[in-house]
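# Descriptive analysis of the structure
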Amino acid sequence: MFSLFKDKGFWVTAFKLTLPVVIQNLLTSSYTLVDTLLVSNLGTVALSSVGMVGQWAWLMNMILIGFASATTVFVSQFWGVKDLKKIRHVEGISTVFALGISTLFTAVSLIVPQLVVKLFNSDAEIISVGSEYLRYVALSYIPIALTNILAAVLRAVENVKLPMYVSGLSTVVNIVLDYAMIFGKFGFPKMGVKGAAVATVISAWMGLALVVIVSLAKKNILIDKPKNIFNFSKQEIVSYIKIATPVVLNEGMWGAGNFVYNIIYGNMGYEYFSALTILRSFENISFVLFIGISSAAAVMIGKSIGKGNIERGLVDSKRFMIIVPVLAVIVAVFIVIFRHQLVSVFNMGDNISKVAIDTAVIIMSIYACAFPFRMLPYLEVVAVFRAGGDTVTGAKQELFCLWALSVPATIISVYVFKVPFVAAFAIMYIFEDIPKNIMTLKFYLSKKWIKPVTKEGIEALDKLKSEDSINE
């Protein structure tokens, strides 16, 4: 096994692709953490309200991640054969879809904000605070969507620095404006949760503007005449939809499933949802390393398969399949050891209820135990399978475990057996992650996920199958 990791080129490329994405997501997640910390000073109601609205935005982001993943599948393989024309067409198609989805979520948020918040909790104060926050923060959805798509294109062509720098600057601006607008510092009025929303909107539009301005100055892959980007053919749209649909359905339905969980938990009591909001902040931080690794894996495996180097793609996938579980166990142990100290950070001003803090400590331990079992299927589905060209099977497996097993088990446990919040939280993980690990690992070992979209990749796969047939 150790000989598998003696390839210096693998480590150099993986590190080069992983680090900027990790830094970018760490900055973004750090903003979420700081934002939650600042809002927690306003009390349990404010923390719960902002957390609930955040889950609405998270659902939109999951759908957008589906389009970004489809973008990566095409762009990484086209990048392997340096087909710049098709890369720009994919950019155009993805931009149109992202703009449509984000506009829809923005419209719903502006027209019926109370209805969105009421899904999670019917408390009048929660609805009032949450809907006010949503009216403002919804204006950030469109720039966030477009920035994510453009960043996906850049990362897929191994230009990972620009998204990282833009994310870093946007995060710093966001945190400073958050502090200033929530508490009325640096000459700004004291705006409370509304200030947090306005800060998000300003930084989101600034981030999009920076990506466009720098890309224009550098004349990178994103920049071309509009007719060259949006003049895609009907056949290209059909091909994109064929790949994107299962990915978007996977991410969207997975996001919807988690949305259902959050509705259940929110209606069990807003203090429990405050605990969940605290956990989500640390969950984002613990997840960033694996987002970076999976992003690198998708590019490396997809590029190799697109070029027709199937064996190289397989070897790299094996390396990532070992790296991820080992790192996940290390992160899980860290969370268990320091769970009390991590949670206590949110209650330095004694503004959060004891129920919320105690619950947060318990569910941090549950999350840590489940963490390694969540990361391996994540790598397989969002990186390995999709990079290989199979966006359907992983989606089916994830959605089956979520909607056929975990969601029904959680609903029955809460509404039939009346289990407490922490038990429902554990049941969610047990019924989703254990069967999903078995199914995805079996499919990975079958190698049936290798489905190239380039001519070179298809020819190489046919040759490999022919050689295997002869050897048999």
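Presented here is an overview of the structure given in this document. Just so it is clear, the structure is predicted and the values come from calculations on it, not from any experiment. (Residues numbered from 1 in each chain as written. Predicted model: local features only at pLDDT ≥ 70, side-chain atom pairs only at ≥ 80, totals over all residues. Heavy atoms only, no water.)

### Observations regarding the overall build of the chain
Put simply, the test is: Helix numbering and strand numbering both begin at the N terminus, where a helix is a DSSP run of H or I of at least 4 residues and a strand a DSSP run of E of at least 2. For this measure, only C-alpha atoms enter the radius of gyration; the expected value for a globule follows 2.2 Å times N^0.38, where N is the number of residues. Only protein chains enter the accessibility calculation, which uses a 1.4 Å probe. A residue is then buried if its area is under 20% of the maximum for its type, exposed if over 50%, and partly exposed in between. By definition, residues are in contact when any of their heavy atoms lie within 4.5 Å. Exposure was quantified through the Shrake-Rupley algorithm and a 1.4 Å probe, taking into account, for residues, occlusion by the shown protein chains and nothing else. For the charge count, each Lys or Arg is scored as positive and each Asp or Glu as negative, with His and the chain ends excluded. Here the site of a charge means NZ on Lys, CZ on Arg, CG on Asp, or CD on Glu.
The secondary structure content of the chain amounts to 17 helices and zero strands. By the compact-globule yardstick of 23 Å for 472 residues, the chain fits well, its C-alpha radius of gyration being 22 Å. When its C-alpha atoms are laid out on the principal axes, the chain stretches across 70 × 50 × 40 Å. Each of the 472 residues in the chain was classed as buried or not, and the buried ones make up 56%. Put simply, 84% of the contacts in the chain that link residues at least 6 apart link residues at least 24 apart. Within the structure as shown, the chain displays about 20,000 Å² of accessible surface, and the carbon and sulfur contribution to it stands at 68%. Computed over 40 positive and 29 negative side-chain charges, the inter-centroid distance for the chain is 5 Å.

### Re the nonpolar core
Test applied: As used in this record, nonpolar core signifies buried Ala, Val, Leu, Ile, Met, Phe, Trp, Tyr and Cys residues forming a set joined through side-chain atoms within 4.5 Å.
Membership of the largest hydrophobic core comes to 142 residues, with the highest contact counts inside it found for Tyr 141, Tyr 265, Phe 425 and Trp 449. The dominant element in this core, judged by the number of residues it contributes, is helix 2 (residues 44-80), at 21 residues. With residues up to four places along the chain from it excluded, the contact list for Tyr 265 reads Phe 273, Leu 276, Thr 410, Phe 421, Ala 424, Phe 425 and Met 428.

### A few points about the pattern of salt bridges
Inclusion rule: By salt bridge we mean one thing: a side-chain nitrogen of Lys or Arg within 4 Å of a carboxyl oxygen of Asp or Glu.
According to the stated counting rule, one finds twelve salt bridges in the structure shown. In this structure, Lys 451 engages Asp 390 in a salt bridge whose closest nitrogen and oxygen atoms are separated by 3.1 Å. Taken together, the positions of Lys 451 in the loop between helix 16 (421-446) and helix 17 (455-471) and Asp 390 in the loop between helix 14 (354-388) and helix 15 (393-415) put the pair 61 residues apart, joining distant regions of the chain. Among the salt bridges present, the one from Lys 436 reaches Glu 432, with a minimum N-O distance of 3.2 Å. Linking Lys 436 with Glu 432, this pair stays in helix 16, spanning four residues, or about one helical turn. Taking relative accessible area as the criterion, Lys 436 reaches 4% and is therefore assigned buried.

Remember that the coordinates give geometry; whether it matters functionally is a separate question.
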